[in-house]
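# Structural description and commentary
Each chain is listed here by its residues.
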Amino acid sequence: MANNERERDHNKDDGFVEHLVRLNRVSKVVKGGKHASFAALVVVGDKKGHVGYGFGKSNDVTEAIRKASSRARAHLVTVPMKNDTPKIPHEIVGAYKSARVLLRPAVAGTGIKAGGAVRFICDAAGINDVVSKSLGSRNPINSVKATFDAIEHMMDAKAVAKARGKKSLAEMWG
C-alpha cells in the first residue's frame with residue numbers, strides 16, 4: 001500500500017461515526033515463544049440509517065482497527081426510515097449461533113435502552129428510541145451479528161404495502 005494511500009485512510013472525514021466494540025489480544029504459541037496479535041471489532045454508521053460492522057486482525061492494534069473499519073464501511077446495511085429518521089418499525093428478534101437480541105420500538109424520548117454492542121450499533125445508525133434485551137450468549141461478536149440479523153429482517157411499512165398491492169399506507173391499514 002502506498003504511503004499516501006495510508007494517510008488518506010487515516011484522514012477520512014466522510015461523516016461516519018466509528019465505535020470500537022472489542023479489541024482482543026490473541027496469543028499463539030510457536031517454536032520460538034509466544035506470538036501476539038490483535039483482533040478488532042468495529043461498528044461504523046452515518047447516523048442517517050446506514051450502519052455496518054467489520055472484523056480485522058493484525059500484529060498491530062492500529063492496523064487491526066483500520067482493517068475492521070474499512071470492512072465495516074464496505075458492508076453497510078440500511079435501517080428502515082420514518083420521517084427521515086431511522087426507526088425500529090416493529091419488535092424483532094435477531095439470532096446468530098447462541099446469541100439472540102430482542103429489539104423493540106420505544107416511545108419518542110425514551111432514548112437507547114440497550115447495553116454492550118447493541119448500543120453502539122443503534123448510536124451509529126442514528127436510532128434514538130429503542131429498547132433492547134440480550135438473550136442467550138452475550139459474546140460481543142455474536143451479539144453484533146445477531147443485531148444485524150434483526151436489522152436485515154425488519155420490514156419497511158411502504159415495502160409491505162407495495163408487496164400487497166396497496167397504493168398507500170392508509171389503504172393497507174384501513
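Look up: the structure comes first, before these words.
Everything in this summary refers to the structure shown in the same document. (Residues numbered from 1 in each chain as written. Predicted model: local features only at pLDDT ≥ 70, side-chain atom pairs only at ≥ 80, totals over all residues. Heavy atoms only, no water.)

Now for the sheet that holds strand 7 (residues 92–96). One open sheet accounts for four strands, arranged 7-8-10-9; its pairing is mixed. Because the sheet does not close on itself, it has two edges, and the strands there are strand 7 and strand 9 (112–113). Strand direction decides the pairing type here: strand 7 and strand 8 (residues 99–105), joined by five bridges, are antiparallel. Residue pairing across strands places Ala95 opposite Arg100, the latter belonging to strand 8. (Pairing = 2+ DSSP bridges. Helix = DSSP H or I, 4+ residues; strand = E, 2+ residues; numbered from the N terminus.)

We now examine helix 3 (residues 117–125). Of the residues making up helix 3, those classed as buried are Ala117, Val118, Ile121, Cys122, Ala124 and Ala125. Projected down its long axis, helix 3 shows its buried positions confined to an angular sector of 165°, all on one face. (Buried < 20%, exposed > 50% of the residue type's maximum accessible area, 1.4 Å probe, protein only. Arc of directions from axis to C-beta.)

Turning to the sheet that holds strand 3 (residues 50–58), a few remarks are in order. Strand order in the open sheet formed by four strands is 1-2-3-4, and the pairing between neighbours is antiparallel. This sheet does not close on itself; its edge strands, each paired only once, are strand 1 (17–30) and strand 4 (76–78). Adjacent strand axes in the sheet meet at a mean angle of 15° when their direction is disregarded. Strands in contact with helix 2 (residues 61–74) are strand 1, strand 2 (33–45), strand 3 and strand 4; relative to strand 3, the strand with the most contacts, it is inclined by about 145°. Contacts between helix 3 and the sheet are confined to strand 1, strand 2 and strand 3, with strand 1 contributing the most and set at about 140° to the helix. (Axes fitted to C-alpha atoms, helices over the stretch in contact; angles between N-to-C directions. Contact = heavy atoms within 4.5 Å.)

What follows deals with the pattern of salt bridges. Following the criterion strictly, the structure yields six salt bridges and no others. For the salt bridge of Asp129 with Lys87, the shortest nitrogen-to-oxygen distance reads 3.7 Å. Of this pair, Asp129 sits in the loop between helix 3 and strand 10 (130–136) while Lys87 is found in the loop between strand 6 (85–86) and strand 7, placing the two residues 42 residues apart along the sequence. With a relative accessible area of 11%, Asp129 lands in the buried category. For Lys87, a relative accessible area of 30% puts it in the partly exposed group. The partner of Arg104 in a salt bridge is Glu91, with the nearest N and O atoms 3.0 Å apart. Of the two residues, Arg104 is situated in strand 8 and Glu91 in the loop between strand 6 and strand 7; the sequence distance between them amounts to 13 residues. Connected via shared salt-bridge partners are Asp14, Glu18 and Arg73. (Salt bridge = Lys/Arg side-chain N within 4 Å of Asp/Glu carboxyl O.)

So, about the nonpolar core. Side chains of nonpolar character tend, in soluble globular proteins, to be buried together. With 27 residues, the main nonpolar core has Val51, Leu103, Ile121, Ile127, Val130, Val144 and Ile151 as its most contacted residues. Counting residues per element, the ones that place at least two in this core are strand 2, strand 8, helix 3 and helix 4 (140–152). When sequence neighbours within four positions are dropped, the list of residues in contact with Val144 reads Val21, Leu41, Tyr53, Ala117 and Ile121. Among the nonpolar cores identified, the runner-up in size contains seven residues, and Ala40, Val44, Ala68 and Ala72 belong to it. (Core = buried A, V, L, I, M, F, W, Y, C linked by side-chain atoms within 4.5 Å.)

Attention shifts here to unusual backbone geometry. The backbone of Lys47 sits at a positive phi, close to 60°, despite the residue not being glycine. Tracing the chain through its elements places Lys47 in the loop between strand 2 and strand 3. Even without being glycine, Lys97 reaches a positive phi, approximately 50°. In this fold, Lys97 is placed in the loop between strand 7 and strand 8. Residue Lys97 is classed as exposed on the basis of its relative accessible area, which comes to 69%.

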